[in-house]
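What follows is the residue order along each chain.
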Amino acid sequence: MTGLSTGVIADIIEGAHPENPVLQILTMKRIPSGAQERYRLLVSDGQWSSSFAMLATQLNSKVATGEISNNCIIQMNRYVCNTVQDNKKVLIILDLTVQQSGEDVGIKLGEPVSYDPNKSRAQQQPQQPSRPMPSMAATRQRNTPNLGVSPAKTPSGGNVHPIASLTPYQNKWTICARVSNKSAIRTWSNSRGEGKLFSMDLLDESGEIRATAFNEQVDKFFDLIEINKVYFITSATLKSANKQYSNLNNDYEMSFNKMTEITPCHEVTAIPAMQFNFVPLDQLESLEKDNILDVIGVCKETMELSTIQQRTTGRELKKRDIQLVDDTNREVRLTLWGTTAESFDGSQQPILAVKGARLSDFNGRSLSLLSSSSFQINPDIREAHKLRGWFDNGGNNSETINLSNQRSTGGMGTNFKVFSEAKLENLGSAADVADYYTNKATIVLMKKENSLYTACPTESCNKKVIDMNNGMYRCEKCNREFDTFSWRLLLQANVADFTDNQWVTVFQDQAETLLGVTAQELGSMRENNPEGYQNVFTAAAFQSYNFKFRVKMETYNDESRLKCTVVACTPLDPKEYNRRLISEIKQMSGQA
């Protein structure tokens, strides 16, 4: 039978930190606490017991599955013990390994006595255990110093409280926490006056909490706080968390007050960079709208930056939509705003771990970043590595369901629609929403006129330049003049299938694929080889491709029209095309 670390509870309560002590959980009591229940434990080392032990909420699933139960033997891999009100010691178990199940043990080991920190060990005189006790290895283990990263001490030398132990009923405490997210300063004005605030997300090994600073505290702390830095924070006002604006796994949030002190922590700590509670994309349809949640996915597609006008203030906002996909074969639209939208680069299809996005039910399911949201690109976490492996090894071509418009989308062979179907379903006609579909179509006509233009040579600008007729070219966007330019393609083409035809717009990369030459080569031909220039367009006609189209209603000069853009095109693979046709025939005939 697994031995217990005899006497270790007294050691821990008295301030020691033995490594990986082995205890027995005698009983568990569920403590309802808002949306997140918690468990209080009676633990024993065979000699001493303590009822002031708590299970970190991230371990609740082990209780639900029955892995943790009464009488089970556990090894505490990570834990903290801190003093709360009335000089009580609370042991919080952050990570554990179950060595023997409660069913296998079946009994209480030893005759443990409740340890009182206000009395000496001799005064309490515990009885010697009458049941099997620890092995020599386990006994030696409790005397081994902690080789991991020890809890940091406060600047005054006191103990650090774990975030998970904070309640509104405590008077003075200090936490050591990492800032995982920090908002910009926001202002407000109402009938009670005006002011400013900023908020931040704090985390340690036990949990997370949202903190907000107002007015004078904004001036005092905003410049001090940096994302990903660790700080000692002493005293703040705690209140029930507003779950409408935060999905942090904590029933409380804090507001800084005049007594709050913040000091940078320069010690090495084991505090993680960010905690996520990811929701798989296939679960989004079962959740209520306005839920604040964490998701992770591959940025499958990045849309163009656009500008909308905020209805309430009339202020113009920059936005960019991206498509996230995960290994549940679902994809969803995520909207980025402001400078985040402007600076985001999804060209390499990165992994995005998003914390605190809001769920919407407009036209299906979609997600949007809030001012309190944050995300990491290609984070070094297990979920991201797993997702990258899935996507790079076939997931990028998997058929997926687009939750944002309730239509299938995916690789070049999925969400297939002929032109007549797309028009019958009015794809792209919904306001501010683009639809996507694929089709095997043939190039009927390309307009050679205005297919090329001279563009700014600055990378990523692509704005048309003005010929100054003096050997210089001016870009109004960059407000600069250059002695050279880049050729850019902007094609208007008519493509057709067996049901209908469609005029489409084709930009640089896809246009080069259709024409079989680069924009620079084509520009040179137009000036120096008109016959070769003409032959490029002739050769491209009547070639078939798998196209992916983006259709969206756009308004220009008070006139609305449906714009169809080619976002991807690949040469037709006859085998794959026939395989899809055979599959559809079987489905229609009821054989699939």
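Computed from a predicted structure; not experimentally measured.

## A word on the side chain of Thr-442
- The topology assignment puts Thr-442 in strand E24 (residues 435-446).
- In terms of polar contacts, Thr-442 uses its side chain to reach the side chain of Ser-544, at 2.7 Å.

## Some points on the pairing of strand E9 (residues 193-203)
- Burial within E9 is extensive, with eight of its eleven residues counted as buried.
- Two elements, strand E7 (residues 174-182) and E9, share four bridges in a ladder whose sense is antiparallel. The partner of Asn-181 across the bridge, within E9, is Asp-201.
- Where strand E8 (residues 186-190) and E9 come together, five bridges link them in antiparallel fashion. In the sheet register, Trp-188 faces E9, and the bridge partner there is Gly-195.
- Adjacent in sequence and paired antiparallel, E8 and E9 are bridged by two residues.
- Of the strand pairs in this sheet, E9 and strand E10 (residues 208-214) are connected by seven bridges, and their pairing is antiparallel. The residue bridging Leu-202 from the neighbouring strand is Ile-209, located in E10.
- From the end of E9 to the start of E10, which pair antiparallel, there are four residues.

## Concerning a nonpolar patch on the surface
- On the surface, a cluster of nonpolar side chains totalling about 410 Å² of accessible area is made up of Val-444, Leu-445, Trp-503 and Phe-542.
- Here Trp-503 is to be found in strand E30 (residues 501-507).
- Accessibility expressed as a relative area gives 37% for Trp-503, which makes it partly exposed.

## Brief notes about helix H11 (residues 519-528)
- When H11 is considered as a whole, its buried residues turn out to be Ala-519, Leu-522 and Gly-523. An end-on view of H11 places all buried positions within 100° of arc, on one side of the element.
- Buried residues along H11 sit against strand E25 (452-455), strand E29 (486-496), helix H10 (508-515) and helix H12 (530-540).

## Overview of the confidence of the model for the chain
- Residues of the chain with pLDDT of at least 70 account for 87%, and the chain-wide mean is 83.
- Taken together, the stretch residues 127-149 has pLDDT below 50 and engages in 47 contacts with residues farther than four places along the chain or on a different chain.
- Per-residue pLDDT stays below 50 along residues 406-413; that stretch engages in 41 contacts with residues further than four places along the chain or on separate chains.

Calculation criteria
- Residues numbered from 1 in each chain as written.
- Predicted model: local features only at pLDDT ≥ 70, side-chain atom pairs only at ≥ 80, totals over all residues.
- Heavy atoms only, no water.
- Helix = DSSP H or I, 4+ residues; strand = E, 2+ residues; numbered from the N terminus.
- Polar contact = N/O pair within 3.5 Å; in protein donor to acceptor, adjacent residues only side chain to side chain.
- Buried < 20%, exposed > 50% of the residue type's maximum accessible area, 1.4 Å probe, protein only.
- Pairing = 2+ DSSP bridges.
- Patch = residues over 30% accessible without salt bridge, like charges linked within 9 Å, V, L, I, M, F, W, Y side chains within 5 Å.
- Areas by Shrake-Rupley, 256 points an atom, 1.4 Å probe, with all protein chains shown as cover.
- Salt bridge = Lys/Arg side-chain N within 4 Å of Asp/Glu carboxyl O.
- Arc of directions from axis to C-beta.
- Contact = heavy atoms within 4.5 Å.
- pLDDT = per-residue confidence, 0-100.

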